[in-house]
Every structure is written in C-alpha cells, then in structure tokens.
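Topology and contacts: notes
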Amino acid sequence: MAKINRAVMINGEKRWIRANTEQEYCDKLLKLTGANQQEPTQKHLFPNYALNWFDVYSKPNIESVTAITYQRQIKKYLIPAFEGMAVEDITTDEVQCLFNSMNTAKATKDKVKIVLNQILDAAVEDNLLTKNPLKSKRLKITGKESKTTQPYTVEQMRYLVQHIDDVKQLQDRAYLALQALHPMRLEEVLGLKWADIDMDNGAIYICRAVTHPDRNRPEIKATKTERSNRNLGLVQLAAQYLIPGEPEEFVLGGAKPLSYQQVKRLCERIQKDTGFDDKVTPIRFRCTVLTDLYENTHDIKLVQAAAGHTSSAMTLKHYVKGRQDILQATASIES
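Here we summarise the structure given alongside this text.

The rules behind these values
Within each chain, residues carry numbers counting from 1 in the order of the written sequence. A pLDDT threshold of at least 70 governs which residues receive local features in this predicted model, and a stricter bar of 80 or more applies before side-chain atom pairs are shown or counted, although totals over entire chains, interfaces and linings include all residues. To get the side-chain values, take all heavy atoms of the structure and skip hydrogens and water. Secondary structure is summarised from DSSP: a helix means a run of H or I of at least four residues, a strand means a run of E of at least two, and numbering begins at the N terminus for each. Expected helix span is given by 1.5 Å per residue-to-residue step, counting one fewer step than there are residues. Working definition: a ring pair exists when centres of Phe, Tyr or Trp rings (six-membered ring for Trp) sit within 6.5 Å. Plane angles under 30 degrees give stacked, over 60 give edge-to-face, the rest tilted. Exposed residues in this analysis have more than 50% of their type's maximum accessible area, buried residues have under 20%, and partly exposed residues fall in between, with area computed by a 1.4 Å probe over protein chains only. Charge-over-ring contacts are defined here by two conditions on Lys NZ or Arg CZ: a distance within 6 Å of the ring centre and an angle within 35 degrees of the ring normal. Note on definitions: a residue-residue contact is assigned when non-hydrogen atoms from the two residues lie within 4.5 Å. Using protein atoms alone on a 1 Å grid, points that fit a 1.4 Å probe yet trap it form a cavity, whereas open point sets bounded by protein on both sides within 12 Å along at least five of seven lines form a pocket; residues with an atom within 4 Å of a point count as lining. Grid points are joined across faces, edges and corners, and a volume is the space filled by probe spheres set on the points. Residues are sorted three ways: Asp, Glu, Lys and Arg are charged, Ala, Val, Leu, Ile, Met, Phe, Trp, Tyr, Cys and Pro are nonpolar, and all the rest, Gly among them, are polar. At least two DSSP bridges between two strands are needed for those strands to be called paired. This arc is built from the directions going out from the helix axis to the C-beta atoms. In these notes, a set of buried Ala, Val, Leu, Ile, Met, Phe, Trp, Tyr and Cys residues joined through side-chain atoms within 4.5 Å is what counts as a nonpolar core. Salt bridges, as used here, are contacts in which a Lys or Arg side-chain nitrogen is within 4 Å of a carboxyl oxygen on Asp or Glu.

Here helix α1 (residues 22–33) is twelve residues long and its end C-alpha atoms lie 16 Å apart, about the 16 Å a rise of 1.5 Å per residue gives. At the exit of α1 stands G34, carrying a positive phi of roughly 80 degrees.

As structure tokens, then:
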C-alpha cells in the first residue's frame, strides 16, 4: 500500500496522488502540473543567422570589395543550400552535399568555404554546435582548376606599342602606355595622380588604389598590401604620352577616378582604334610585363618587388608564365 495518499487541486480539479516516497510524490505532482516539461529550444534558421553574422561581425570590419564577395557567397551558395535548415542541424553530410552540388572551379568552392567556416565557428562559440562540421577530416572539396591568366605574346605587345599613336583619345593613350608597359594592377593605375609621376627622375610612386566594390562607384583607398606601396621606373616610351595636369588630379579621370564601366569602354576603344586581334584586358598586361621582366632578368626577388607581392611564391604561381614551349626547352637541354 502506498505510504502517501494525498488529494490536490489542479486547475480546479481534485486529483489524488499516491506514492511510496516524498520524491516520487514530487515527481508525480510536477508531471500533473506540467512544471517538469521543458520549453522546446528555439532553433536558429541558417539564413537569418548567416545574414546577422555578416551584418554585425563581418561587413563593418573588412574591405568593401571583400564584403561584397562574402555577401555573394552567402546569397548565391550558402542560403540556397541551407534554406529552411537550422544552424543546429547542419552536419558534415550537409556541408559535403553543398560542395558536391557546386559545378564550379575549386577556387570558387574555397571562397565559399572561407565564409561558411567563419559562420560555423560563430555557431560553435554561441553553443549552437558542439564542433564545426567543416573541420571534419572526412570532408573532401574538389573541383576544376581555374583558368590561369595568359600573357600576351611578344608579337601582340609589339603591335600594341607600335600602334599607340592610332589611339584617338589622349586619355586612352595614357592608359595604354601606363598599363601595358608597367607591372601595375588596374586599381593602382586608376589611383595615380599627377603628383605621383616624376617626369624629371623617371619614376612612378604607387601609394593608393581605386577599387570598384559595386562596379560603378570608384572607392579611393590604400594599396592592397604594405608591399604594394612601391616605386617603379617610368618607361621613357610611355612618358611621351603623358601630358601632366594638376598635381592632385587623377591621371585617368581628372577630378575623380574612372569607373568600372568607363574602363571597360576605354579598353574597347583601344582595341577598335588599334585593330588589335584580342581583347584589351588589364590583368593580362600586368601578367605580360612581369613575365617578360623575369625572362630578361631571372631575378624573382626583383620581379616580386616590381609586382608589389608579399612573397615570391605568389609571383611565380600567378603572374610569371614561361614563354618557351617544350621543344624550346628540349633544345636548351641539348645545347
């Protein structure tokens, strides 16, 4: 027979509780009143969590160009992959399925991984996950290799240089002379002011850059890295196409730098005016100049300094392209 037999009123109804111990009595009482039922934990939908992370922790603390790249990864890849899912429910399986479904180059997958890793690290810190699924050794991220930028041929460069005078607009000539004959990034060329070009001593001082975070609104900022602040020799052939303006005016654009669309149209005009057989592309000029500089000096440290890179490995991997083919290489060995 139960040692405890008590009547209690629950929601206006008399209920009897029978128990052998006080603890059993308390447990039954709590069960009847529903007090021991925990409220279901509210989960965090991934899209909301990811966008909040971006707005609060990421966007205010990174370069605007990087912020746009991060936002693109979130909206184009991450939210569609985890739409309707809670952060707490994301496992290594879901992450692997995301990368398996991406029919892109591995470089694109790596960009997505960088953003997702930061979001999931935040989730671990917020105790929503016990560990970051991206840290799993099972995870495999593969993909097509990105196409490398190929330099223009020697013949193409000679053609362009020989036809600079055919370019109709003075500003277009100045751009071609600067971009095609010096190892500068496009944003560095656009950031040049007349005060940065020393015609007397034949030097170009690179100390700022102009980027296009949303394509058509130029943003004036510091150079990409500390190493990017550098001095370059001014090619005398280029000097004749530079007509100095006011020291604080931009070499290209005057009072304000050129926009992305203006640069695009400028390149199209140069191709049309010169009758060039290929697209005029800023990044290919930089790759070409650095390749030729290495071919003629074989001094990677010199080329690295000219490029404004933090390491020579970056210079060799992305910008110095050999011009010799396999037959020429064999002939060199034989000789």
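A full pass over the atoms with the stated rule returns five aromatic pairs. When the ring of W53 is compared with that of Y70, the centres are 6.5 Å apart and the planes differ by 20 degrees; the resulting orientation is stacked. Of this pair, W53 sits in helix α2 (residues 46–58) while Y70 sits in helix α3 (residues 64–81), and the two are 17 residues apart along the sequence. Y70 matches W53 in its accessibility class, with the two residues each being buried. Three or more aromatic residues joined by ring pairs form one cluster here, namely Y152, Y159, F276 and F285. Lying across the ring of F250, K193 places its NZ or CZ 5.2 Å from the centre. Its end group placed over the ring of Y319, R286 keeps NZ or CZ at 4.8 Å from the ring centre.

Another aspect to go through is the environment of V263. Mapped onto the elements of the fold, V263 is located in helix α10 (residues 260–274). For V263, a relative accessible area of 7% puts it in the buried group. Here V263 is in contact with L186, L190 and L258, once residues within four sequence places are set aside.

This part is about the layout of surface pockets. Gaps left between atoms are located by rolling a probe of water-molecule size over the structure's atoms. Space inside the second largest pocket adds up to approximately 210 Å³. Lining the second largest pocket are 13 residues, and of these I90, T91, T92, K131 and P133 lie nearest its centre. When its residues are assigned to classes, the lining of the second largest pocket shows three nonpolar, five polar and five charged.

Turning to the sheet that holds strand β4 (residues 203–206), a few remarks are in order. Across the sheet, which stays open at both edges, the three strands sit in the order β3-β4-β7 with antiparallel pairing between neighbours. Edge positions in the open sheet fall to β3 (197–198) and β7 (230–233), since each of these has one partner strand only. Sheet analysis places β4 next to β7, joined by four bridges and oriented antiparallel. Opposite Y205, over in β7, you have N231 as the bridge partner.

All of the buried residues along helix α4 (residues 92–101) are T92, V95, Q96, L98 and F99. Here the buried residues of α4 occupy an arc of 155 degrees about the axis, which is enough to place them on one side. Turned more than 90 degrees off the buried face of α4, the exposed positions are N100 and S101.

The next subject is the pairing of strand β2 (residues 13–19). Bridge count for strand β1 (residues 4–10) against β2 is seven bridges, and the pairing is antiparallel. Looking at β2, one finds that I4 is bridged to A19. Count of turn residues in the β1/β2 antiparallel hairpin: two residues, of which N11 carries a positive phi of about 55 degrees.

Core analysis: the largest hydrophobic core is formed by 39 residues, its most contacted members being L178, M184, I204, L252 and F285. Of all the elements in the fold, those that place two or more residues in this core are α6 (154–162), α7 (170–181), α8 (186–191), β4, α9 (236–239) and α10. Those residues in contact with I204 that sit more than four places away from it in its chain are L178, H182, M184, L192, D196, R230, N231, L232 and L234. In this structure, A67, I90, M102 and V112 belong to the second largest nonpolar core, which totals 31 residues.

What follows deals with the pattern of salt bridges. As a working rule, side chains carrying opposite charge can pair if their charged atoms are close by. For the structure on display, the rule yields twelve salt bridges. Of the charged contacts, one joins E63 and K221 as a salt bridge, the two residues approaching to 3.3 Å between their closest N and O atoms. Taken as a pair, E63 in the loop between α2 and α3 and K221 in strand β6 (residues 219–221) lie far apart in primary sequence, 158 residues in all. Between E188 and R230 there is a salt bridge whose closest N-O contact spans 2.9 Å. Taken together, the residues E188 in helix α8 and R230 in strand β7 connect sequence positions 42 residues apart. Its relative accessible area of 2% is what places E188 among the buried residues. Taking the relative accessible area as the measure of exposure, R230 reaches 7% and is therefore buried.

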